[in-house]
Amino acid sequence: EGAVYAEVRRPCRVMILVNPHSGRGQALQLFTGHVQGMLTEAAVPYTLVITEHQNHARELVRKADLSQCDALVIMSGDGLLFEVINGLMEREDWQEAIQTPLGILPGGSGNALAASVHHYSQSPPAWNEELLLSCGFMLCKGLVGSMDLVSIHLASRQRLFSFLSLAWGFVADVDIESEKYRHVGAIRFLMGTLVRLASLRVYQGRLAYLPVKEAPTLPIGSIKSNQPPSTPQHQSLCSSLPCRLIPNTSPNQNSRHNHNSTNSNHNTLTNSSNNAITTKRPETQSDGKTRAPEDSLLPGLDQPIPDSWTVVKEEDFVLVLAIYQSHLAEDLWTAPGAMADDGVIHLFYVTAGISRPALLRLFLAMEKGGHLACGCPHLVYEKVKALRLEPVSPQGMITVDGEMVEYGPVQAQIHPGLAKFICG
Ligand code: ADP
Ligand code: MG
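**Here's the deal with the overall build of the protein**
Step number 1: Across its full length, the protein holds 9 helices and 20 strands.
Step number 2: The buried share among the 424 residues of the protein stands at 55%.
Step number 3: Pairs at least 24 apart in sequence give 80% of the contacts found in the protein among residues at least 6 apart.
Step number 4: Accessible surface for the protein amounts to roughly 18,700 Å². Of this, 52% is attributable to carbon and sulfur atoms.

In structure tokens, the structure reads:
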């Protein structure tokens with residue numbers, strides 16, 4: 001009942017990477033219990049790979065024959081996808097490799113991308129198994145959209161690609177300190193937040209950013225912009241093929257919305273890079289080869305901030321968070337307006353002086369995306385294309401997509417729509 005079958009010419013081949021230790025250590029059981037049957041019913045052939053150690057997925061993806069693979073799906077938290085994306089970007093053929101559609105099945109304790117992707121599909125909020133079913137269903141449907149990536153430079157000249165967040169201060173501390181509570185699942189972030197609130201501290205540093213130039217708002221009834229009308233960017237996973245199976249009912253009883261491909265909220269923002277600095281520094285690898293994509297908005301980390309950037313006056317922070325998806329965790333709707341391919345880094349920072357209760361209020365309001373309406377004078381939100389953060393405090397933590405990276409000066413810029421992801 002409720003299923004429309006279409007002809008199968010060539011089935012899509014999916015590689016599913018599972019981190020058996022993610023979340024409560026049940027990712028594999030969750031896969032066999034909730035997803036396997038769905039994939040079998042939808043006739044999606046897949047290869048299951050169980051990761052054996054950290055960076056296993058990264059090495060595997062770096063060397064894999066991707067011509068045999070129509071999608072790379074990870075069943076874990078955000079950390080494993082971070083490995084996969086960086087593995088793809090380390091390949092000589094990165095430009096092609098990063099076109100491989102990426103899927104996420106929430107199996108970790110930090111499932112921010114899964115929560116975001118579910119949110120973009122206009123479904124009512126879902127958690128745990130319900131979120132997993134929603135993501136499994138999207139995988140069966142096989143619609144593909146574009147996703148921004150952010151290129152991140154560290155002091156050691158290492159360069160990373162990030163799909164979710166860059167955090168310093170309170171959020172980074174909670175990210176890392178709460179890893180020891182991974183066995184409790186997604187609630188680890190609430191526990192970590194409460195623990196960190198007790199030892200709230202201030203972090204000294206300098207922050208600067210390149211703001212997004214908002215298009216001037218035109219009076220109603222005035223001339224239309226010369227941009228083409230926005231069209232949905234969805235493609236099918238095996239784009240040249242008819243879909244295998246498109247059940248027209250969602251397994252998620254609560255989601256009564258239609259899962260069709262004509263959502264209007266996946267439009268690519270085609271802002272050309274405004275304020276691009278003119279001297280381009282090609283990324284050079286150790287072997288002297290030029291490695292694209294170039295970060296045309298970023299000067300060297302040792303170079304001064306360009307004039308077109310905004311330098312934040314305050315130098316005492318409680319947190320700095322750059323996020324480019326809607327959700328920071330399953331129950332933290334941090335960037336309410338964010339879309340996967342909006343071409344924007346949503347930059348939040350909280351300045352020193354905020355009280356513990358006020359900070360807690362912000363995080364509690366974030367569950368429903370209400371933190372910006374709290375009227376908190378310490379919370380600042382900017383849409384940016386690039387940023388630089390120079391910590392002055394000798395100690396602290398910086399995380400990228402929830403993973404700890406080298407502490408020190410860091411800068412980042414957006415690459416609109418660089419990756420492809422399976423969406424609803
Ligand atoms: P969680 O949301 O539970 O933290 P992640 O997907 O973020 O789950 O994974 C946590 C960490 O485990 C990441 O740093 C990831 O690179 C690493 N990892 C991946 N596979 C393995 C493995 N087989 N054993 C140990 N660590 C792994
Ligand atoms: Mg993680």
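**Structural notes on the pattern of salt bridges**
Step number 1: Following the criterion strictly, the structure yields 8 salt bridges and no others.
Step number 2: The closest approach of N and O atoms between R62 and E90, which form a salt bridge, is 2.5 Å. Taken together, the residues R62 in helix α2 (residues 56-63) and E90 in the loop between α3 (78-89) and α4 (94-97) connect sequence positions 28 residues apart.
Step number 3: Residue classification places R62 among the partly exposed positions, given a relative accessible area of 32%.

**Thoughts on the site of ligand 1**
Step number 1: Close contacts around ligand 1 come from 20 residues, with G23, Q54, S76, E83 and E403 the closest.
Step number 2: Between ligand 1 and G23, the relevant distance is 2.7 Å, taken from an oxygen atom to a main-chain nitrogen or oxygen of the residue.
Step number 3: At 2.8 Å from a nitrogen atom of ligand 1 is found a side-chain nitrogen or oxygen belonging to T51.
Step number 4: Notes on ligand 1: free accessible area 560 Å², of which the protein chains cover 89%.
Step number 5: Of all the cavities here, the one that holds ligand 1 is the second largest pocket.
Step number 6: At 4 residues, the largest contribution of residues to the shell around ligand 1 is made by α3.
Step number 7: Of the residues belonging to the shell around ligand 1, the class tally is 1 nonpolar, 13 polar and 6 charged.
Step number 8: Counting contributing residues, the shell around ligand 1 receives three or more from each of domain 1 (3-148 + 232-247) and domain 2 (152-215 + 271-417).

Thresholds, definitions, all that
- Residues numbered from 1 in each chain as written.
- Chains lettered and ligands numbered in written order.
- Predicted model: local features only at pLDDT ≥ 70, side-chain atom pairs only at ≥ 80, totals over all residues.
- Heavy atoms only, no water.
- Helix = DSSP H or I, 4+ residues; strand = E, 2+ residues; numbered from the N terminus.
- Buried < 20%, exposed > 50% of the residue type's maximum accessible area, 1.4 Å probe, protein only.
- Contact = heavy atoms within 4.5 Å.
- Areas by Shrake-Rupley, 256 points an atom, 1.4 Å probe, with all protein chains shown as cover.
- Salt bridge = Lys/Arg side-chain N within 4 Å of Asp/Glu carboxyl O.
- Near = heavy atom within 4 Å.
- Polar contact = N/O pair within 3.5 Å; in protein donor to acceptor, adjacent residues only side chain to side chain.
- 1 Å grid on protein atoms, 1.4 Å probe; cavity = no way out; pocket = protein on both sides within 12 Å on 5 of 7 lines; lining within 4 Å.
- Sits in = over half its atoms within 2 Å of the grid points.
- Nonpolar A, V, L, I, M, F, W, Y, C, P; charged D, E, K, R; others polar.
- Domains from an automatic or database assignment.

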